Amino acid sequence: MTVRVGVIGAGMIGQDHIRRLTEVVTGAAVTAVTDIDGDRAAEVAARVGATALPTGAELIASPDVDAVLVTSWGPTHAEHVLAAIAAGKPVFCEKPLATTAEDCLRIVEAERAHGRRLVQVGFMRRFDAGYRQMKEVLSTGSLGAPLIVHCAHRNPAVPESYHSAMAAQDTAVHEIDVLRWLLDDEIVSAQVVTPRPTSKRFAHLKDPQIMVFETAEGVRIDLEVFVNCQYGYDIQCEVVGEDGLVRLPDPAAVGIRTAARHGTGVLQDWKDRFAEAFDTEFREWVASVAAGTEPTGPSSWDGYAATVITDAAVRSLEIGGESVTTDMKPRPAFYGGTA
């Protein structure tokens, strides 16, 4: 079958996903688009032969929409996801699932009441080939128990609108999700300390930041978030175990020898670094909708966990670097937990 997707939010990421669904992924068609800017919705919809609708509620209720993609402004996510669950329609929500832990729990409870998983959250790193290879290695147990994780998330620069809390909420949140998945372990505390700031930042921004997390099994994670590193978009991850380590590979690149130097290029943009991961993410989501099976990607519970952990990190930053307990609810059996 062709999965008819309605898209709520026609901004940059929404348009990129619309392109992906119409030009890259087979078995999907974008049939409806809505946006707070009606003219933009109409323009984007016309481009792909879809219908522009005035509101998210009308889009979700449309008989021409089998599944919903939410790429609107973060504070509107909970409203749209809850409406899709009420309509019994699969919904892919770009991160964050919601901007508060309370709204995330409302979604979790609504989905549990429905009786089957309908929600997938857009943490694309679980679909990256390198991270999946790391997961395979860790799953074999050949490295022994994980002990330490070293990570770095570097951007060349950020706009003036980027503020200090976004280092956790918008940047580190990707590591937070993928590390919970890689380790199959829960993060129980967060601490954020700030070294000497870079002179390349805007004055209001604390950059870089060093985040330290502890898991329920005692693994210590250190994450450098440096969003004005100047040289490129650079993602690093290394898991150290009792008997060895596994490291995330850098993207494949040709070696260049010129002017007495040997080097490789460094990507400058997250869209280029994770383009294939985004494509795989949507291929697998569309396939699950077409088959009528539950999504295999990040769940509503994962969205809740990420919000709770980033809240703890922001709180640590606000109180001067003290460790903050995440205070997460027990994971329900519905999401693979024991509660």
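Here's a quick rundown of the structure. (Residues numbered from 1 in each chain as written. Predicted model: local features only at pLDDT ≥ 70, side-chain atom pairs only at ≥ 80, totals over all residues. Heavy atoms only, no water.)

**Overview of the environment of His163**
Working step 1: Structurally, the position occupied by His163 is in the loop between β7 (146-154) and α7 (166-183).
Working step 2: Judged by its relative accessible area of 36%, His163 falls in the partly exposed class.
Working step 3: For His163, the contacting residues outside a window of four places in its chain are Gln169, His204 and Leu205. (Helix = DSSP H or I, 4+ residues; strand = E, 2+ residues; numbered from the N terminus. Buried < 20%, exposed > 50% of the residue type's maximum accessible area, 1.4 Å probe, protein only. Contact = heavy atoms within 4.5 Å.)

**Quick notes on the sheet that holds β7**
Working step 1: Here we have seven strands laid out as an open sheet, ordered β12-β11-β7-β10-β9-β8-β15, and mixed in their pairing. Among the strands making up the open sheet, the edge pair consists of β12 (245-247) and β15 (324-325).
Working step 2: Strand contacts of α7: β7, β8 (187-193), β9 (209-215), β10 (220-226) and β11 (234-241), with the helix running at about 150° to β7, the strand carrying the most contacts.
Working step 3: Along the sheet face, helix α10 (residues 300-318) touches β8, β9 and β15 and points at about 35° away from the line of β8. (Pairing = 2+ DSSP bridges. Axes fitted to C-alpha atoms, helices over the stretch in contact; angles between N-to-C directions.)

**Structural notes on the pattern of salt bridges**
Working step 1: Applying the stated criterion across every chain yields a total of 21 salt bridges.
Working step 2: One salt bridge connects Asp64 with Arg4, and the closest N-O pair in it is separated by 3.8 Å. With Asp64 in the loop between α3 (56-61) and β4 (67-70) and Arg4 in strand β1 (residues 3-8), this residue pair connects regions lying 60 residues apart in the sequence.
Working step 3: Here Asp64 falls in the partly exposed class, since its relative accessible area comes to 44%.
Working step 4: Judged by relative accessible area, which is 29%, Arg4 ranks as partly exposed. (Salt bridge = Lys/Arg side-chain N within 4 Å of Asp/Glu carboxyl O.)

**What to know about the side chain of Arg180**
Working step 1: For Arg180, the position within the fold is in helix α7.
Working step 2: In this structure Arg180 comes out as buried when scored by relative accessible area, which is 6%.
Working step 3: Within the structure, Arg180 has its side chain in polar contact with the side chain of Asp302 (distance 3.1 Å). (Polar contact = N/O pair within 3.5 Å; in protein donor to acceptor, adjacent residues only side chain to side chain.)

**Looking at the side chain of Asn228**
Working step 1: If you trace the backbone, Asn228 turns up in the loop between β10 and β11.
Working step 2: In this structure Asn228 comes out as buried when scored by relative accessible area, which is 4%.
Working step 3: At 3.5 Å, the side chain of Asn228 forms a polar contact with the backbone nitrogen of Val158.
Working step 4: Here Asp207 takes part through its side chain, which lies 2.9 Å from a polar atom of the side chain of Asn228.
Working step 5: Excluding residues that lie within four positions of it along the chain, Asn228 makes contacts with Asn155, Pro156, Ala157, Val158, Thr198, Lys200, Arg201, Leu205 and Asp207.

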